[in-house]
Amino acid sequence: MQMSAAEKQAFVNALDQAKRTVHPDLVICTRRYQEVFGPDGNTPQFENITIYNYFVWTHYYSVSKTYLGAGQASFGGVDFSHEGPGFVTWHRFHLMQLERDMQDMLGDPTFALPYWNFAIGGSDCDICTDDLMGDRSSFEVNGISPNSVFSQWRVICESVEDYDTQGTICNNTETSPIMRNPAGNVARPMVQRLPEPKDVLDCLQLNTFDTPPYYSTSSESFRNTIEGYSAPQGTYDPVIRSLHNLAHLFLNGTGGQTHLSPNDPIFVLLHTFTDAIFDEWLRRHQPGEIVYPEENAPIGHNSRFNMVPFWPPVTNAEMFVAAPENLGYSYEVEWPVREFTVSEIITIAIVAAVLVVAVVGGVIACAVRARTYRSVEGLQPLLGETFRRYSEDERRLDKSQSVV
Ligand SMILES: O=C(O)c1cc2cc(O)c(O)cc2[nH]1
């Protein structure tokens, strides 16, 4: 909201350029290990991919099901980037990689991803405007306005049924437009509103980074709360969706489905704000590395595990550090402050009234006393006229006389 028109335009242009620019260093693997060298054993199954689509692909890969063989249902119990302590560290590296790739693409090492404060309550998507992430289309309820460049974007990794039944992997093929209908999920009223500012405040107050079983069922866990499987105060409740999850579901379309969500560029801004909250939690609680679980977290989520599928390998522990000091970036956020309850306001008013009465009473008492002393002074001078003044005749002072 604070970016100038020129800054907004430059950011949108940079994203659009990333969507069209082939990644200069990385390719994606489009077949499982058993088939990776092709039918003849000599044709590596790798593809070029654009910078932005690589960002989408890594997220898809991290959540994709495990193929167990023809005719068998794929196994969906593994998620390398959600429902565990690695949620915050995985998405932090995900963003850093995109930011670095875009810096290189632009030849501008100062390029930085902005964030979207999604904790504004209400049902209005304030960044869904044509100068930012695209307004609603007037023609298609789930579409993006033709005045936005994002109406031209096409998604990848849509054919999840095929991947799961045929054991294939998403490739760089672009298919449908982005779908988005903010606050439009009438079947699920709970996700028709964005998180409230107080939700951020509450979640920042949680002292424990994560709690057993280090999963989406963890209670009193900062991680599970910012991820959004707990009430903002930390209590796990299977029905609740809050903070990050709520922001995803609010978008009600491409951005609300884990295998597809980064195709909607709002994902970037939603996750930079999630990362900003994580960083503020680190700043306030100064937890130290030891707080991140060493073991017993889901696969890929223990502190020394590499985060799948990033290359070169990087561990969760490497991202569990304060960003400004260790990673070279920071967020400028005005964090919400706590509002007082009615009983707190009444207590404060009573204490303030007692203090005022005490101070005013004290001042009046002092004034009265000072006035009394002055009138006594007027009636009874300390040095009567009958006494010779000390300064008048020091020479004639009788040694036996007091000088007081
Ligand atoms: O249903 C949820 O809670 C939900 C949807 C969704 C989509 C997404 O891309 C995420 O990263 C998380 C998520 N949670």
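As recorded by an unreviewed UniProt entry, the protein carries the name 5,6-dihydroxyindole-2-carboxylic acid oxidase and is attributed to Mugilogobius chulae. In its Catalytic activity (unreviewed entry) section, the UniProt record describing the protein reads: "2 5,6-dihydroxyindole-2-carboxylate + O2 = 2 indole-5,6-quinone-2-carboxylate + 2 H2O". Per UniProt, the protein carries the Pathway (unreviewed entry) text "Pigment biosynthesis; melanin biosynthesis."

Visitor: I keep staring at the nonpolar core and nothing clicks. Help me out?
Guide: As a rule of thumb, soluble globular proteins bury nonpolar side chains together. Formed by 69 residues in total, the largest nonpolar core has its most connected members in Tyr52, Trp57, Phe118, Phe222 and Ile277. Going through the elements one at a time, helix H1 (5-20), helix H2 (51-63), helix H3 (86-106), helix H5 (197-204), helix H6 (222-227), helix H7 (243-251) and helix H8 (266-285) are the ones with two or more residues in this core. Sorting elements by how many residues they give to this core places H8 first, with eleven residues. By size, the runner-up hydrophobic cluster in this structure holds ten residues, among which are Phe93, Met96, Met307 and Val314.

Visitor: Is there a simple way to think about the site of the ligand in this case?
Guide: The immediate surroundings of the ligand are formed by His59, His82, Arg241, His244, Asn245, His248, Leu249, Gly256, Thr258 and Ser261. In the environment of the ligand, a nitrogen atom lies 2.9 Å from a nitrogen or oxygen atom belonging to the side chain of Asn245. Ser261 has a polar side-chain atom sitting 2.4 Å from an oxygen atom of the ligand. Its free accessible area being 340 Å², the ligand has 90% of it covered by the protein chains. Tallying contributions element by element places H7 first for the shell around the ligand, with four residues. Taken together, the residues of the shell around the ligand sort by class into one nonpolar, eight polar and one charged.

Visitor: What's the story with the packing of H7 against H8 in this structure? I'm lost.
Guide: Axis angle and axis distance: for two packed helices, these are the angle between their axes and the distance between the axes, and together they describe the pair. For the pair H7 and H8, the least separation of the axes is 10 Å and the interaxial angle reads 165°. One element, H7, and the other, H8, form an angle in the roughly antiparallel class. As for the relative orientation of H7 and H8, their crossing is right-handed in sense. Every residue of H8 that contacts H7 at His244, Ala247, His248 and Leu251 is listed here: Ile266, Phe267, Leu270, His271 and Thr274.

Visitor: So what exactly am I meant to see when it comes to the packing of aromatic side chains here?
Guide: Each aromatic ring pair is characterised by the separation of its centres together with the angle its planes make. Tallied over the full model, the rule gives 21 aromatic pairs. Both rings, one in Tyr52 and one in Phe55, keep their centres 5.5 Å apart while their planes meet at 55°; by these two values the pair is tilted. Taken as a pair, Tyr52 and Phe55 lie in helix H2 at a separation of three residues, close to a single helical turn. Taken individually, Tyr52 and Phe55 each receive the classification buried, so the pair is uniform in this respect. Among the aromatic residues, those joined into a cluster by ring pairs are Tyr115, Trp116, Phe118, Phe273, Tyr329, Tyr331 and Trp335.

Visitor: Please explain H7 as it appears in this structure.
Guide: For an α-helix, the turn length of 3.6 residues means that residues three or four places apart are oriented alike. Taken across its nine residues, H7 has nine buried, putting it largely inside the fold. Three or more residues of H7 are buried, namely Leu243, His244, Asn245, Leu246, Ala247, His248, Leu249, Phe250 and Leu251. Where H7 is buried, its residues contact H3, H5, H6 and H8. Following H7 by one or two positions, Asn252 adopts a phi angle in the positive range, close to 55°.

Visitor: What is the right way to look at the environment of Leu246 in this model?
Guide: Mapping Leu246 onto the fold places it in helix H7. Taking the C-alpha atoms as reference points, Leu246 and Cys366, separated by 120 residues in sequence, lie 61 Å from one another. Dropping the residues within four chain positions of it, Leu246 is found in contact with Met190, Val191, Arg193, Leu194, Pro195 and Arg241.

Visitor: Would you mind going over the state of the cysteines with me for this structure?
Guide: Summed over the entire model, instances satisfying the criterion amount to two disulfides. Put simply, Cys125 and Cys128 are joined by a disulfide, and their sulfur atoms are 2.0 Å apart. Across the S-S bond linking Cys125 and Cys128, the dihedral sits near 70°, which makes this disulfide right-handed. What pairs with Cys157 in a disulfide is Cys170, and their sulfur atoms sit 2.0 Å apart. Here the disulfide of Cys157 and Cys170 is left-handed, its torsion about the S-S bond being about -65°. Within this pair, whereas Cys157 is found in the loop between H3 and helix H4 (160-166), its partner Cys170 is found in the loop between H4 and H5, the two being separated by 13 residues in sequence.

Visitor: Help me understand the pattern of salt bridges in this model?
Guide: Any two side chains of opposite charge can pair, on the condition that their charged atoms come close. Counted according to the given criterion, the structure contains 17 salt bridges. Across the pair Asp16 and Arg20 runs a salt bridge, and its minimum N-O distance is 3.3 Å. Placement of the pair is Asp16 and Arg20 together in helix H1, with a separation of four residues, close to one helical turn. Arg304 is the salt-bridge partner of Glu294, the closest N and O atoms lying 3.6 Å from each other.

Visitor: Help me understand unusual backbone geometry, please; the structure alone is not making it clear to me.
Guide: What is expected of a backbone is that most residues other than glycine have negative phi and most peptide bonds are trans. Residues Val308 and Pro309 are joined by a peptide bond in cis, for which omega reads 5°. Considering the arrangement of structural elements, one finds Pro309 in the loop between H8 and helix H9 (316-319). That bond from Trp311 to Pro312 is cis: its omega, -5°, falls within 30 degrees of zero. Structurally, the position occupied by Pro312 is in the loop between H8 and H9. Positive phi, close to 65°, is recorded for Ala183, a residue that is not glycine. Take Ala183: it is sitting in the loop between H4 and H5. Note on Ala183: relative accessible area 15%, which makes it buried. A positive phi angle, close to 40°, is found at Gln286, a residue other than glycine. Among the structural elements, Gln286 can be located in the loop between H8 and H9. Among the residues examined, Gln286 registers a relative accessible area of 61% and is labelled exposed.

The rules we used
Residues numbered from 1 in each chain as written. Predicted model: local features only at pLDDT ≥ 70, side-chain atom pairs only at ≥ 80, totals over all residues. Heavy atoms only, no water. UniProt positions renumbered as here; feature names shortened; annotations may be inferred. Core = buried A, V, L, I, M, F, W, Y, C linked by side-chain atoms within 4.5 Å. Buried < 20%, exposed > 50% of the residue type's maximum accessible area, 1.4 Å probe, protein only. Helix = DSSP H or I, 4+ residues; strand = E, 2+ residues; numbered from the N terminus. Near = heavy atom within 4 Å. Polar contact = N/O pair within 3.5 Å; in protein donor to acceptor, adjacent residues only side chain to side chain. Areas by Shrake-Rupley, 256 points an atom, 1.4 Å probe, with all protein chains shown as cover. Nonpolar A, V, L, I, M, F, W, Y, C, P; charged D, E, K, R; others polar. Axes fitted to C-alpha atoms, helices over the stretch in contact; angles between N-to-C directions. Parallel < 35°, antiparallel > 145°, perpendicular 65-115°, else oblique. Left-handed = near helix turned anticlockwise from the far one by under 90°. Contact = heavy atoms within 4.5 Å. Phe/Tyr/Trp six-rings, centres within 6.5 Å; stacked < 30°, edge-to-face > 60°. Disulfide = S-S within 2.5 Å. Salt bridge = Lys/Arg side-chain N within 4 Å of Asp/Glu carboxyl O.

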